[in-house]
Amino acid sequence: MKSYKLGVIGNPIEHSLSPKIHSIFAKQTNIQIDYQAYKVDGSDLELFIEDFFKSGGDGLNVTVPHKINCLNVADEYSTDVKAIGAANTLSFNKSTNKIYAHTTDGAGFVADAIKKDISIFDANILILGAGGAAQSIIPMIHAKHPASIVLDNRTQEKIQTVLDRFSLVKSDEPSTRAQLTDLKNFSKHRSLTDNINLVINTTSAGFDGPFSWNEDIFTTKDTIFYDLSYNKIDSSTPFLSWASQYSDQCHNGIGMLINQAALSFELWTGIKPDINIDENEIFNE
Ligand code: ATR
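Residues numbered from 1 in each chain as written. Predicted model: local features only at pLDDT ≥ 70, side-chain atom pairs only at ≥ 80, totals over all residues. Heavy atoms only, no water.

**A few points about the site of the ligand**
Working step 1: Lining the immediate surroundings of the ligand are 13 residues, of which Ala133, Asn153, Arg154, Thr155 and Lys158 lie closest.
Working step 2: Within the contact set of the ligand, an oxygen atom lies 3.1 Å away from a backbone nitrogen or oxygen of Gly132.
Working step 3: Within the contact set of the ligand, an oxygen atom lies 2.4 Å away from a side-chain nitrogen or oxygen of Thr155.
Working step 4: Protein coverage of the free-state accessible area of the ligand, which is 650 Å², stands at 67%.
Working step 5: Its atoms largely coinciding with the cavity grid, the ligand occupies the second largest pocket.
Working step 6: Partitioning the shell around the ligand into residue classes produces four nonpolar, seven polar and two charged. (Near = heavy atom within 4 Å. Polar contact = N/O pair within 3.5 Å; in protein donor to acceptor, adjacent residues only side chain to side chain. Areas by Shrake-Rupley, 256 points an atom, 1.4 Å probe, with all protein chains shown as cover. 1 Å grid on protein atoms, 1.4 Å probe; cavity = no way out; pocket = protein on both sides within 12 Å on 5 of 7 lines; lining within 4 Å. Sits in = over half its atoms within 2 Å of the grid points. Nonpolar A, V, L, I, M, F, W, Y, C, P; charged D, E, K, R; others polar.)

**Re a negative patch on the surface**
Working step 1: On the surface, a cluster of negative charge is made up of Glu46, Glu50, Asp51 and Asp75.
Working step 2: Mapped onto the secondary structure, Asp51 falls in helix α2 (residues 45-54).
Working step 3: A residue is classified by how much of its surface remains accessible, and Asp51, at 41% relative accessible area, is partly exposed. (Patch = residues over 30% accessible without salt bridge, like charges linked within 9 Å, V, L, I, M, F, W, Y side chains within 5 Å. Salt bridge = Lys/Arg side-chain N within 4 Å of Asp/Glu carboxyl O. Lys, Arg positive; Asp, Glu negative; His and termini not counted. Charge placed at Lys NZ, Arg CZ, Asp CG, Glu CD. Helix = DSSP H or I, 4+ residues; strand = E, 2+ residues; numbered from the N terminus. Buried < 20%, exposed > 50% of the residue type's maximum accessible area, 1.4 Å probe, protein only.)

**Regarding the pattern of salt bridges**
Working step 1: Applying the stated criterion across every chain, the model contains seven salt bridges.
Working step 2: For Asp58, the salt bridge goes to Lys94, with nearest N and O atoms at 2.8 Å. Residue Asp58 is found in the loop between α2 and β3 (59-62), and its partner Lys94 is found in the loop between β5 (89-93) and β6 (98-102); the two are separated by 36 residues along the sequence.
Working step 3: Given the relative accessible area of 43%, Lys94 is considered partly exposed.
Working step 4: The closest approach of N and O atoms between Lys272 and Glu266, which form a salt bridge, is 3.8 Å.
Working step 5: Judged by its relative accessible area of 62%, Lys272 is exposed.
Working step 6: A relative accessible area of 26% places Glu266 in the partly exposed class.
Working step 7: Bridged by salt links that share partners, the residues Lys2, Asp58 and Lys94 form one connected network.

Structure below.
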């Protein structure tokens, strides 16, 4: 029986939940895997990836801080990887000897939103943050035709960089319904009934003190709050503790983590695992 040689590379990597999630998928699907977490320095990155695949590796997950630089060793990029300039999954085709770069983060977010009945179609979606995590979800959200994707960031200048990167998404042709804009522009042009339906936190704000956001973000009691982060101790996060004063519809990023892992597993093995796994099992040592 084939055993897949897999892993996740990052730095730090000790706290990665990916080995646990993939071992649950492997057990569930009866597929043999050897999935290890590898701490890799930036200076060793390219050599590590090449050696891993030359020595029989089938697939790698890539996490912080290597999501951009891992592209230097990839031979082919998916459309979304080209759009966002970063990858979280590498696969190796042993007949062509080529390394393929994919990103499953955005699709993982959308899959979890669907599972949780969070509407993206026709919604006004506010993304807090303008870093790699924010950019990784924009194309897939856009593909689900929201009314608008609104960006806000502590450092305002960085918003323009993201707006420019996704200029195709920004297009105001009727076929591309979603406008990509910033919060100031949304605020200026909104009608009184035009509110934010979904707030997605992609920042690390709140991990060194309580979360707060300085701008008015036009929420109502029906607004849904989703944090891409999670913590191992309880289901809340600094962002969700702050959000709970406005809404009782608050979600952490565990569902997205499971879904992006499932999509990577499927890319490598061709088998779709069941994403309905017991979250407690992931956290059990
Ligand atoms: P990632 O790849 O996880 O997105 P990143 O690219 O370093 O990481 O981006 C981190 C994001 O969190 C940025 O949007 C950052 O805002 P700045 O661009 O102003 O740095 C945001 N962030 C981090 N700490 C923050 C804080 N205390 N308050 C508000 N935003 C914060």
